[in-house]
Amino acid sequence: MAKEKTHYVCSDCGGSSPKWQGKCPSCNAWNTLIESAPESASPVKNRFASLAKTAEIAVLGDIDAVDMARTPTGHEELDRVLGGGMVEGGVVLIGGDPGIGKSTLLLQALDSLQRSGQSTLYVTGEESGAQVALRARRLGLDGSQVKVLAEIGLEKILATLASAQPDIAVIDSIQTVYSDQLTSAPGSVAQVRECAAHLTRAAKASGVCIVLVGHVTKEGALAGPRVLEHMVDTVLYFEGDTHSSFRLVRAIKNRFGAVNEIGVFAMTEKGLKGVSNPSAIFLSQHAEPVPGSCVMVTLEGTRPMLVEIQALVDSGGPSPRRLSVGLDKDRLAMLLAVLHRHAGVACMDQDVFVNAVGGVRISEPAADLAVLLAITSSLRGKPLPKGFFAFGEVGLAGEVRPAPRGQERLKEAAKLGFSVAVVPRANLPKNLKAKDFEGLTIHAVERVEQAMEVVRNL
């Protein structure tokens, strides 16, 4: 009997080779060629015909622009990240580490949607229906009417979507789904790409909102071809630390809302609960002010959040260390040079350690002023006053530049009871007597040395 021919497909780019090689001839990646059977010619003819839709040429100004109707999921933090809720015909891709809570959050969201009168379907390819039911009992979702389908065949899933016509369907996960039209294994580049394309087309044609769960690689990026992220409308990343009970859901792409929005959740015995005031997580609870601590207001998407910056300055050896956690290390070295040159505060023979409390990462330069004030406070051993906060970007010439959306930052701090602020002069509100700024004393500065002088007088 003649041996069936095989070829080798690259797991990174999808390129093929007739024989195994160490390096992919298409993308030059190493050790990515995987043996697979060649696709037969007969069943796959015109398999993309269902994806092509015909349309006439239209003038942009004549097209009716209708705002997308949104369906709230019943979880305020998830709605914030999605831009207000689920959109009819939208495709959402959510990825994250194993065990972070993707399936838990989506099962809770489906239960809330079903209770609000929506028709829901949960397609599981990784668990049996009994396992999903067991998890629902554990989360306290007794008597839930969410429909569950344990299936990994794409054609059967599409037939079920056509017959059941749910409003929202979850596919958990896209890496387990396979199409009969391809001979490669589930999870391969070709299968993921093809299954996602057909599910996206089904969502657009029928108006069902589909949520795809995606696996991630060991580097934390979504597994499979990058075309998967281009194909869908919204990409969410589930972030969190196994040592912490808090989880962040971050929008990386959203055709129906703002990107870089975050939702904060706390993992409890009854599943994930939204955290309405995330600033409380990132602020330490000191009974009295301590040296080396300064609060700043950072922006995560459209949400202002208060974060504590801590600095420790200690006598170092001949080669002092500069270490930062949650902040850019190179920026710390630059700020220390500005502090010495323009404010006359020298840390040349000191170890300097800076930390953003709560495991948050701050990438915006608005943290500069708070870092400098925390370092000076630790060096002098004098705490900053109670209820004090600062923000602003510091330039190499010693100037303090404005931070974007400064008034929103000030309002958030005033709402949480902070009373003294050092901010860039350009961020000074026009109406200081407005109700939003009641009880807040604002010191506007233009240069680093002015900021140091203000803090000394406080």
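To be clear, the structure that these remarks concern was listed above.
Residues numbered from 1 in each chain as written. Predicted model: local features only at pLDDT ≥ 70, side-chain atom pairs only at ≥ 80, totals over all residues. Heavy atoms only, no water.

1. Describing the layout of surface pockets
Thinking step 1. Taken as a whole, the largest pocket spans an internal volume of roughly 560 Å³.
Thinking step 2. Forming the boundary of the largest pocket are 22 residues, of which Leu-248, Arg-250, Gly-359, Val-360 and Arg-361 lie nearest the centre.
Thinking step 3. The element contributing the most residues to the lining of the largest pocket is strand β12 (residues 246-254), with 4 residues.
Thinking step 4. Here the lining of the largest pocket is built from residues that sort into 7 nonpolar, 8 polar and 7 charged. (1 Å grid on protein atoms, 1.4 Å probe; cavity = no way out; pocket = protein on both sides within 12 Å on 5 of 7 lines; lining within 4 Å. Points joined across faces, edges and corners; volume = space filled by probe spheres on them. Helix = DSSP H or I, 4+ residues; strand = E, 2+ residues; numbered from the N terminus. Nonpolar A, V, L, I, M, F, W, Y, C, P; charged D, E, K, R; others polar.)

2. What to know about the sheet that holds strand β13 (residues 262-268)
Thinking step 1. An order of β8-β7-β9-β10-β6-β11-β12-β13-β14 is seen for the 9 strands of this open sheet, with the pairing classed as mixed. This sheet does not close on itself; its edge strands, each paired only once, are β8 (147-150) and β14 (271-274). Shown here is a sheet whose adjacent strand axes are inclined to one another by a mean of 25°, direction ignored.
Thinking step 2. Inspection of the sheet shows strand β6 (residues 91-96) paired to strand β11 (residues 234-240) by 5 bridges, in the parallel sense. By the bridge assignment for β11, Leu-93 is matched with Val-235. (Pairing = 2+ DSSP bridges. Axes fitted to C-alpha atoms, helices over the stretch in contact; angles between N-to-C directions.)

3. A closer look at the side chain of His-75
Thinking step 1. Position of His-75 among the secondary structure elements: in the loop between β4 (70-71) and α1 (76-82).
Thinking step 2. On the basis of relative accessible area, His-75 is assigned to the buried category, the value being 12%.
Thinking step 3. In this view, His-75 contacts Gln-108, Ala-109, Ser-112 and Leu-272; residues no more than four positions away in its chain are not counted. (Buried < 20%, exposed > 50% of the residue type's maximum accessible area, 1.4 Å probe, protein only. Contact = heavy atoms within 4.5 Å.)

4. Remarks on the environment of Asn-260
Thinking step 1. Note on placement: Asn-260 falls in the loop between β12 and β13.
Thinking step 2. In the structure, Asn-260 is positioned 24 residues away from Leu-236 in sequence and 9.5 Å away in space, judged by C-alpha atoms.

5. Here's the deal with the state of the cysteines
Thinking step 1. For the coordinates displayed, the defined rule picks out 0 disulfides.
Thinking step 2. There is no disulfide at Cys-13, and the cysteine sulfur nearest it, in Cys-27, is 3.7 Å away.
Thinking step 3. Here Cys-195 is not cross-linked by a disulfide; its sulfur's nearest cysteine counterpart is in Cys-209, at 19 Å. (Disulfide = S-S within 2.5 Å.)

6. Observations concerning empty space enclosed by the protein
Thinking step 1. This model, assessed by the stated rule, comprises 2 cavities of 30 Å³ or more.
Thinking step 2. Its volume calculated, the largest cavity comes out at about 60 Å³.
Thinking step 3. What lines the largest cavity is a set of 13 residues, and nearest its centre among them are Gly-85, Val-87, Val-92, Thr-234 and Phe-256.
Thinking step 4. Of all elements in the fold, only β5 (86-87) and β6 reach the threshold of two or more residues within the lining of the largest cavity.
Thinking step 5. The residue inventory of the lining of the largest cavity, partitioned by class, reads 7 nonpolar, 4 polar and 2 charged.
Thinking step 6. The space that makes up the second largest cavity amounts to roughly 50 Å³.
Thinking step 7. As for the second largest cavity, its lining consists of Leu-78, Leu-82, Met-86, Val-92, Ile-94, Leu-106, Val-211 and Leu-236.
Thinking step 8. Breaking the lining of the second largest cavity down by element, the ones donating at least two residues are α1 and β6.
Thinking step 9. Residue composition of the lining of the second largest cavity, by class: 8 nonpolar, no polar and no charged.

7. Observations regarding unusual backbone geometry
Thinking step 1. Following Asp-172, the chain continues to Ser-173 via a peptide bond in cis, the omega torsion being 5°.
Thinking step 2. Inspection of the secondary structure assignment puts Ser-173 in the loop between β9 (168-172) and α5 (189-206).
Thinking step 3. Within the chain, Asn-28 stands out as a residue other than glycine whose phi angle is a positive 65°.
Thinking step 4. Here Asn-28 is to be found in the loop between β2 (16-17) and β3 (33-36).

8. Looking at the sheet that holds strand β1 (residues 7-10)
Thinking step 1. Taken together, the 3 strands give an open sheet; going across it, the order is β2-β1-β3, and neighbouring strands pair in antiparallel fashion. The open sheet has two edge strands with one neighbour each: β2 and β3.
Thinking step 2. Pairing of β1 with β3, which is carried by 4 bridges, proceeds in the antiparallel orientation. Bridge pairing in β3 places His-7 opposite Ser-36.

9. A short note on the environment of Val-148
Thinking step 1. Positionally, Val-148 belongs in strand β8.
Thinking step 2. The class of Val-148 is partly exposed, set by a relative accessible area of 39%.
Thinking step 3. For the pair Val-148 and Glu-261, spaced 113 residues apart in the sequence, the C-alpha separation amounts to 30 Å.
Thinking step 4. With residues near it in sequence (within four places) discarded, Val-148 still touches Tyr-122, Thr-124, Gly-129 and Val-132.

10. Some points on helix α2 (residues 102-115)
Thinking step 1. End to end, α2 covers 20 Å across 14 residues, agreeing with the expected 20 Å (1.5 Å per residue, within 8%).
Thinking step 2. Among the 14 residues of α2, 12 are classified as buried, and the element is accordingly described as predominantly covered. (Expected span 1.5 Å × (residues − 1).)

11. So, the packing of aromatic side chains
Thinking step 1. Applying the stated rule across the entire model yields 2 aromatic pairs.
Thinking step 2. Where Phe-389 meets Phe-418, the ring centres are 6.0 Å apart and the plane angle is 90°; that geometry is what we call edge-to-face. Here Phe-389, found in strand β19 (residues 388-390), pairs with Phe-418, found in the loop between α9 (406-415) and β22 (420-424); they are 29 residues apart in sequence, far enough to count as distant. Across the pair, Phe-418 and Phe-389 agree in class, each one buried.
Thinking step 3. Taken together, the aromatic side chains of Phe-389, Phe-391 and Phe-418 make up a single cluster linked through ring pairs. (Phe/Tyr/Trp six-rings, centres within 6.5 Å; stacked < 30°, edge-to-face > 60°.)

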